[in-house]
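Analysis of the macromolecular model
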Amino acid sequence: MSSTFSPEADYTLEDEWILIRPLITDDYKNLLPFALYEPNIWEYSPISAKGADGMRNYIDRALKGRSEGNEYPFIIYDKKAGEYAGSTRFYDIQAANQALEIGYTWYGEKFRGTGLNKHCKFLLLQLAFEELDMKRVGFRAHAKNERSIAAMKSIGCTVEGIIRSHLPLPDGTRRDSILLSILQHEWFDGVKEMLQTKL
């Protein structure tokens, strides 16, 4: 295998439950209800998408990251519910180093705790390790975001440590970030099989 990431490629992924496709400008209308009615989604995020202008800015920034080649944002569709559920992305993409991060992941309240996230992460990790030949996939979260940290541990992530005072938050405070990761050999040596049993 060789690393073949391309920001121009169409990385559409799906299984029996979920469809993950590249985010586009027109997805503003699909994600706007979350920005208007579920502002707490971005409580721990350094980039908020609260309100109509917030969501427009969020999508514009995500697509700019894709055009610059260091991010690849997705929209998530719940096939069982027949509804858009949220968004996620590859970011800090370092093709030369065969490393990237998965993050900016959020779901509407009704989609949390349903198992949807495990399907999402399985498809993204499979793409990263098996098609793009990434050697490392990293994850970060606010060190106080217990729900997110538990979710990452449940898919096989290893905690690496804390970056103190890592990022500014919209309320003017700064967050400590926890770092986690999965390595390619760990994926093939058991993480993939473990995650498959949970789907």
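Below: a short report on this structure.

1. Some thoughts on the overall build of the protein
Along its length, the protein carries five helices and eight strands. In the protein, the succession of helices and strands from N to C terminus is β-β-α-α-β-β-β-α-β-α-β-β-α. Taken over C-alpha atoms, the radius of gyration comes to 16 Å for the protein, in line with the 16 Å a tight globule of 199 residues would show. Projected onto its principal axes, the C-alpha positions of the protein cover 45 × 40 × 35 Å. Per-residue burial for the protein yields a buried fraction of 47% across its 199 residues. For the protein, long-range pairs separated by at least 24 residues make up 60% of all intrachain contacts whose partners lie at least 6 apart in sequence. For the protein, the exposed area adds up to about 9,700 Å²; of that, 48% sits on carbon and sulfur atoms. Of the side chains in the protein, 25 bear a positive and 28 a negative charge, and the two mean positions are spaced by 4 Å.

2. A closer look at the side chain of His166
Note that His166 resides in strand β7 (residues 158-168). On the basis of relative accessible area, His166 is assigned to the buried category, the value being 19%. When neighbours within four sequence positions are excluded, His166 is seen to be in contact with Arg140, Arg174, Arg175, Asp176 and Ser177.

3. Some points on helix α5 (residues 184-198)
Spacing of three or four residues puts side chains on the same side of an α-helix, whose turn is 3.6 residues. With 15 residues, α5 extends 19 Å between its outermost C-alpha atoms, agreeing within 8% with the 21 Å of an ideal straight helix rising 1.5 Å per residue. Largest kink in α5: about 55°, centred on Gly190. Inspection of α5 places Gln184, Trp187, Val191, Lys192 and Leu195 among the buried residues, and these make up the whole buried set. Residues of α5 that are buried in the fold lie against α3 (116-131) and β8 (174-183).

4. Quick look at the packing of helix α1 (residues 28-37) against helix α2 (residues 51-67)
In helix packing, the relevant descriptors are the interaxial angle and the interaxial distance, both defined with respect to the helix axes. Contact geometry for α1 and α2: axes closest at 9 Å, N-to-C directions at 130°. When the axis of α1 is compared with that of α2, the two are oblique. The handedness of the crossing between α1 and α2 is right-handed. Contact residues: α1 offers Tyr28, Leu31, Leu32, Ala35 and Leu36, while α2 offers Gly51, Ala52, Met55, Arg56 and Ile59.

5. Side note on unusual backbone geometry
Even without being a glycine, Gln98 presents a positive backbone phi close to 55°. Looking at the element boundaries, Gln98 is found in the loop between β4 (83-94) and β5 (99-107). In the Ramachandran plot, Tyr104 falls in the positive-phi region, its phi being about 50° despite a non-glycine side chain. If you trace the backbone, Tyr104 turns up in strand β5.

6. Re the sheet that holds strand β3 (residues 71-78)
A sheet is described by the order of its strands in space; here eight strands give the open sequence β1-β2-β3-β4-β5-β6-β8-β7, paired in mixed fashion. Unpaired on one side and paired on the other, β1 (13-14) and β7 mark the two borders of the sheet. As paired strands, β4 and β5 are joined by six bridges and run antiparallel to one another. Considered in β5, the bridge of Phe90 is made with Ile102. Relative to the sheet, α3 contacts β1, β2 (18-22), β3, β4, β5, β6 (136-142) and β8, its axis offset from that of β5 by approximately 160°. The strands touched by helix α4 (residues 146-154) are β6, β7 and β8; relative to β6, the strand with the most contacts, the crossing angle is about 160°.

7. Considering the pairing of β4
Of the pairings in the sheet, the one linking β3 to β4 comprises eight bridges and is antiparallel in character. Bridged to Ile76 within β4 is Gly86. The hairpin turn running from β3 into β4, its antiparallel successor, is four residues long, and Gly82 in that turn takes a positive phi close to 70°.

Reading the values: the criteria
- Residues numbered from 1 in each chain as written.
- Predicted model: local features only at pLDDT ≥ 70, side-chain atom pairs only at ≥ 80, totals over all residues.
- Heavy atoms only, no water.
- Helix = DSSP H or I, 4+ residues; strand = E, 2+ residues; numbered from the N terminus.
- Rg over C-alpha atoms; globule rule 2.2 N^0.38 Å.
- Buried < 20%, exposed > 50% of the residue type's maximum accessible area, 1.4 Å probe, protein only.
- Contact = heavy atoms within 4.5 Å.
- Areas by Shrake-Rupley, 256 points an atom, 1.4 Å probe, with all protein chains shown as cover.
- Lys, Arg positive; Asp, Glu negative; His and termini not counted.
- Charge placed at Lys NZ, Arg CZ, Asp CG, Glu CD.
- Expected span 1.5 Å × (residues − 1).
- Bend = angle between axes of the 7 residues up to and from the residue.
- Axes fitted to C-alpha atoms, helices over the stretch in contact; angles between N-to-C directions.
- Parallel < 35°, antiparallel > 145°, perpendicular 65-115°, else oblique.
- Left-handed = near helix turned anticlockwise from the far one by under 90°.
- Pairing = 2+ DSSP bridges.

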